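The residues making up each chain are set out below.
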Amino acid sequence: MQSELYTIPSIDWSLVMPFIVVVITGVIGLLIEMFRPKQNNNAIVLVSLAGLAGAFALLIPQLGVTTTTTFAGMVLRDQFGVLLQLIIVAGAFLSLIFSEPYMKQRRIAHGEFYPMALWATSGAMLMVSSDNLLMIFVGLEVLSIALYCLAGLARDEQRSEEAALKYFLLGAFASAFLLYGIAFVYGITGSTSLAVFMETLARAPGINDLTVLFAITLLLVGFGFKTALVPFHQWTPDVYQGAPTNVTAFMSAVSKVAAFGAFARVLEASLPVQEFWMPALIVITILTMTVGNLAALVQKDVKRALGYSSIAHAGYVMVALLAYLQDPAKGSLGTVITYLAIYTFMTIGSFAVLSLTAVNKSEGTRYQDLYGLWNRAPLAAGCLVLFMVSLVGVPPTAGFLGKFQIFQDAMGAGLPLLAIALAINSFVSAYYYLQIVRAVFVDEEGALRVQSAPMNAGLRFALVICAVGVMPILFAPILSQGKQTVTLSKMIESGAFLQRPVASVPLNPEPGEKVEQITPSAPLSTVTGN
Amino acid sequence: MNDFGPILILMAVSGLICTVMVVGSWVLGPKKLTPYKSSPYECGVAPSGEANERFPIKFYLVAILFVLFDIEVVFLWSWLTVFQSAPLDYQIFTGLAMLVYFAFWILGDWYVLKIGALDWDEAASLAPEKYIDSSLPAFDPSTSLTPERVAVNS
């Protein structure tokens, strides 16, 4: 007993090295800011970008390796997690690289931005690389608390303050929901591990247990807030509009990818009681797509419209995720990952272009403020058009490829309703995306009075990367092999991911208690005892 | 229904009782408001000034910093409880982990002191070196663009 209680876990540092690199880079950035407070931020920017590039380089060799856990099962490395971490690090890199000139124009070039963005990135990385609910929660809080501060970075501006306060209050509320759900899970299973949770759910009484339904509902509400699904989306437009544009770019990509990664794991673990949450999530998903797009139609502010657009895109990702959960043979997590990657490039690119509208302490992000951008900054305007076309999902772009794959998955998995809703919504969304494209080309007299910041190297770099990122050719190989390599079912087969052999994790084994053996392939009806 | 059933029932019942009490007194109670009755009670003295005064933000800063110390003690306390009866190798291992934690904590504390967050009379503001760039034009409010543009820091 004594020796078992004080076991020192064996630690494979290579698994957490990218995470550590990002955290330490943040610390170095803060130290630079402490000792050179009156200097410019160039050193911090360089260190931060180098750190993120280093983390990216460390993640790449992990792609091919088998699923393992370390830190006593607290950290999980699988292909799903590594791919999402790559997207997160790339997203953070792209949103940091155009930040400095923008923040100088806004007069908010606080050196603390970089360390906090890096720590938020580390939280996001933690969220997608664990199947323990507590670790997911810690990652979520590290991400969220940093983002609350970043949203209020322009602390002299009322809209930024409003964004920070709203984000903080609603985010804290959502965290409380999530934590309460985790407490229920712990109460049911005696563990915060999702693998144990899944085994418990598969056992009787399963869905007939009110506590289980309570726990899952609370978890769904918590993640619904974080991923901005429709009844829980209210914070998104205000926060996206009020936060500085570089923070919005960071938030829309990094935080969404991380939340979807954790959400996918939680839903995967809840599969034994699928008949409880699947209908609810189908309704939520349709609502998310529809409300997001319809509300975006009437916006007058581009940032706000893109905020609603990100809600709609959360709905599209949900379609892919539900298709996979409904039928892992037809749907694929590869589709989810691919779409998240494409979305990251599209959204960060769009916000990067919008950052040009900040000149001399003021910023205008209404449609009128983009008038004549084509004449002032042809590269940025051209890229914006490309991103909008990709966000609509017009054929030659990656946005089309991702949406088409989601559509196919949903049809294959027997969710035609979601597929049709997705298609209709794509048509609806074309209207406001094309509004933005139109604004870029308006060449009236008024357009002459609109100013925009001069182009800079960082922004140019971010735009080129994002523009390359929406080229479909990049994702075709991932998608074609996605079904073979990235599905969780493959990992389940190897016994490494969620469904570990039941016998290896005895759940509070009490004397005389009969532990049922579950075969993962058994039909749900026999497992849940319905 | 299992062990958690009673908790749900407790939550439902307490919610119900609170609702009944609040709504009941609001519906049933007589409402005869006089100006004197509706004025706030301040120990019998005639009230003066507004209730929602502005507090210096530094109060909240100190409160937040207090949380930093508070959580540190929570960690220390639970760690020490385990520490005293653990074998040596475990003590060393967790001790090192605690050292890492404290390194971060001290860094945060040091940062707070360094930027003068605890100096009550000094307002920390962004150094002009951070944004003045010879390539940028100087800020001139009269050139602000369309009238509806958000004027920051007016």
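For the structure, see preceding data.
Reading the values: the criteria
Residue positions are given per chain, counting from 1 as you read along its sequence in written order. For naming, the first written chain is A and the first written ligand is 1, with later ones following in the order written. Totals for whole chains, interfaces and linings use all residues, but because this is a predicted model, local features are given only for residues with pLDDT of at least 70 and pairs of side-chain atoms are given and counted only at 80 or more. Helix numbering and strand numbering both begin at the N terminus, where a helix is a DSSP run of H or I of at least 4 residues and a strand a DSSP run of E of at least 2. Buried means a residue has 20 or more other C-beta atoms within 10 Å of its own C-beta, exposed means 12 or fewer, and partly exposed covers the counts in between; C-beta atoms are placed from the backbone. Each residue is represented by a C-beta atom placed from its backbone, and any two residues with such atoms within 7 Å are regarded as in contact. Where helices are involved, their axes are fitted lines through C-alpha atoms of the stretch in contact, as for all axes, and angles between N-to-C directions lie from 0 to 180°. Note that the term roughly parallel is reserved for angles under 35 degrees, roughly antiparallel for angles over 145, roughly perpendicular for angles of 65 to 115, and oblique for everything else. Classes in brief: Ala, Val, Leu, Ile, Met, Phe, Trp, Tyr, Cys and Pro nonpolar; Asp, Glu, Lys and Arg charged; the others, Gly included, polar.

Chemist: Describe the overall build of chain A, with residues and values.
Modeler: On a plain count of helices and strands, chain A comes out with 24 helices and four strands. When each of the 530 residues of chain A is scored for burial, the buried share is 60%. For chain A, restricting intrachain contacts to residue pairs at least 6 apart in sequence, the fraction spanning at least 24 positions comes to 80%.

Chemist: For the overall build of chain B, give the residues involved together with the corresponding values.
Modeler: Scanning chain B for helices and strands turns up four helices and zero strands. Order of helices (α) and strands (β) in chain B, N terminus to C terminus: α-α-α-α. Every one of the 154 residues in chain B was classed for burial, and the buried ones make up 2%.

Chemist: Outline the packing of helix α4 (residues 79-97) of chain A against helix α12 (residues 245-269) of chain A, listing residues and values.
Modeler: Residue and element names in this part refer to chain A. For the pair α4 and α12, interaxial distance at closest approach is 9 Å and the crossing angle is 175 degrees. Classified by the angle between their axes, α4 and α12 sit roughly antiparallel to one another. Each of Gly-81, Leu-84, Ile-87, Ile-88, Gly-91, Ala-92 and Ser-95 in α4 lies in contact with α12, whose residues at this interface are Asn-246, Ala-249, Phe-250, Ala-253, Val-254, Val-257, Ala-258 and Gly-261. Class assignment of the residues belonging to the contact of α4 with α12 gives a composition of ten nonpolar, five polar and no charged.

Chemist: Could you give an account of unusual backbone geometry, with specific residues and numbers?
Modeler: Peptide bonds are, in most cases, trans, and in most cases residues other than glycine have a negative phi. Residues and elements named next belong to chain A. Phi at Phe-71 is positive, roughly 50 degrees, even though this residue is not glycine. Within the element layout of this structure, Phe-71 appears in the loop between β1 (68-70) and β2 (75-77). One non-glycine residue, Arg-107, adopts positive backbone phi at about 60 degrees. The residue Arg-107 is located in the loop between α5 (99-106) and α6 (113-128) in this model.

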